[in-house]
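If you want the building blocks of each chain, they are given just below.
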Amino acid sequence: MRDKIFQPFQVKDVVFLAIISAVTLCTCAVMPLVASLQTVIFGIAQVVTGLQISIFFAIGLMKIRKVGSLFIMALLTGLFQLLMAPPMFFSNLVVGLLIEVLVVLIFRGYQRDSAVFFAVLLYNPLSLPFNYVYNLLFGREAMAQVATRAPWITVGMTLAVVALSALGGWIGIKISKELKKSGALKK
């Protein structure tokens with residue numbers, strides 16, 4: 001079973017991923033507080049949500065090490081975000097699908113911790129170029145120009161998102177290992 005790349009999901013797998021997605025959304029409730037700053041500071045939403053998304057997505061992937069797990073979490077968080085802002089929903093889907101493809105091509109699944117770290121490290125940073133392109137394509141040039149108006153802020157915010165995603169991935173993997181050791185996170 002460990003050699004198969006694509007494994008079927010059981011109901012308990014999807015339920016666990018749904019719970020992780022719900023907890024992730026609850027911890028991201030701080031994002032609306034900085035939403036007005038998005039027209040001034042590129043990537044502010046990803047900076048304030050990057051750590052917690054990476055922590056909880058890492059925990060989800062450490063427990064359910066099946067290809068498609070990240071996409072399920074991205075879809076479930078995205079469905080809620082669809083009500084607030086459709087670009088967030090589409091960003092979740094596109095980024096989730098892209099990362100799943102990369103994980104299959106590079107790691108052949110989530111069996112190694114490095115694959116989990118890789119996936120959560122890229123999840124938030126990849127939403128930055130998606131949001132930029134989305135804003136350009138759908139007539140929201142003012143939002144897109146935030147990235148080009150002050151390129152040094154854009155670079156700094158992008159590096160901050162990457163750093164927070166890496167830290168969150170590392171913390172999430174550590175927490176998962178401790179939970180498995182204590183028996184609280186069973187297979």
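Everything that follows concerns the structure shown earlier in this document.
Residues numbered from 1 in each chain as written. Predicted model: local features only at pLDDT ≥ 70, side-chain atom pairs only at ≥ 80, totals over all residues. Heavy atoms only, no water.

Considerations on the nonpolar core
A general tendency of soluble globular proteins is for nonpolar side chains to be buried together.
Part 1: Of all hydrophobic cores here, the largest spans 30 residues; its most connected members are Leu61, Leu70, Val103, Tyr110 and Tyr123.
Part 2: Listing elements by their share of this core, those giving two or more residues are helix H1 (11–27), helix H3 (44–63), helix H4 (69–84), helix H5 (86–107) and helix H6 (113–137).
Part 3: Sorting elements by how many residues they give to this core places H3 first, with 8 residues.
Part 4: Dropping the residues within four chain positions of it, Val103 is found in contact with Arg108, Gly109, Tyr110, Ala115, Phe118 and Ala119. (Core = buried A, V, L, I, M, F, W, Y, C linked by side-chain atoms within 4.5 Å. Buried < 20%, exposed > 50% of the residue type's maximum accessible area, 1.4 Å probe, protein only. Helix = DSSP H or I, 4+ residues; strand = E, 2+ residues; numbered from the N terminus. Contact = heavy atoms within 4.5 Å.)

Topic: the environment of Val120
Part 1: Here Val120 lies in helix H6.
Part 2: Given a relative accessible area of 1%, Val120 falls into the buried group.
Part 3: Taking C-alpha positions, Val120 is 17 Å from Met88, a pair spaced 32 residues apart along the chain.
Part 4: When sequence neighbours within four positions are dropped, the list of residues in contact with Val120 reads Ser54, Phe57, Ala58, Leu61, Ser165 and Gly169.

Structural notes on the side chain of Ser165
Part 1: Relative to the helices and strands, Ser165 resides in helix H8 (residues 151–182).
Part 2: On the accessibility criterion, Ser165 (0% relative accessible area) is buried.
Part 3: The residues contacting Ser165, other than those within four sequence positions of it, are Gly50, Ser54, Val120, Leu121, Asn124 and Pro125.

Notes on the packing of aromatic side chains
Part 1: Tallied over the entire structure, the rule returns 4 aromatic pairs.
Part 2: Between Phe89 and Phe90, the aromatic rings sit 5.2 Å apart at their centres with planes inclined by 70°, giving edge-to-face as the arrangement.
Part 3: Here Lys63 stacks its cationic end above the ring of Phe16, 5.6 Å away from the centre of that ring. (Phe/Tyr/Trp six-rings, centres within 6.5 Å; stacked < 30°, edge-to-face > 60°. Lys NZ or Arg CZ within 6 Å of the ring centre and 35° of its normal.)

Digging into the environment of Ile153
Part 1: Turning to its location among the elements, Ile153 is positioned in helix H8.
Part 2: Distance from Ile153 to Ser176, taken between C-alpha atoms, is 34 Å for residues 23 residues apart in sequence.

Details of the pattern of salt bridges
Part 1: Applying the stated rule across the entire model yields 4 salt bridges.
Part 2: We note a salt bridge from Asp113 to Lys177, for which the minimum N-O separation is 2.9 Å. Of this pair, Asp113 sits in helix H6 while Lys177 is found in helix H8, placing the two residues 64 residues apart along the sequence.
Part 3: Asp113 gets classed as partly exposed once you look at its relative accessible area, which sits at 26%.
Part 4: Each of Arg65, Asp113 and Lys177 takes part in salt bridges that share partners, so that together they form one network. (Salt bridge = Lys/Arg side-chain N within 4 Å of Asp/Glu carboxyl O.)

A closer look at the state of the cysteines
As used in these notes, a disulfide is a covalent bond between sulfur atoms, one from each of two cysteines.
Part 1: Scanning all chains against the criterion turns up 0 disulfides.
Part 2: The thiol sulfur of Cys26 is not disulfide-bonded, and the nearest other cysteine sulfur, from Cys28, lies at 9.2 Å.
Part 3: The exposure class assigned to Cys26 is exposed, which follows from its relative accessible area of 60%. (Disulfide = S-S within 2.5 Å.)

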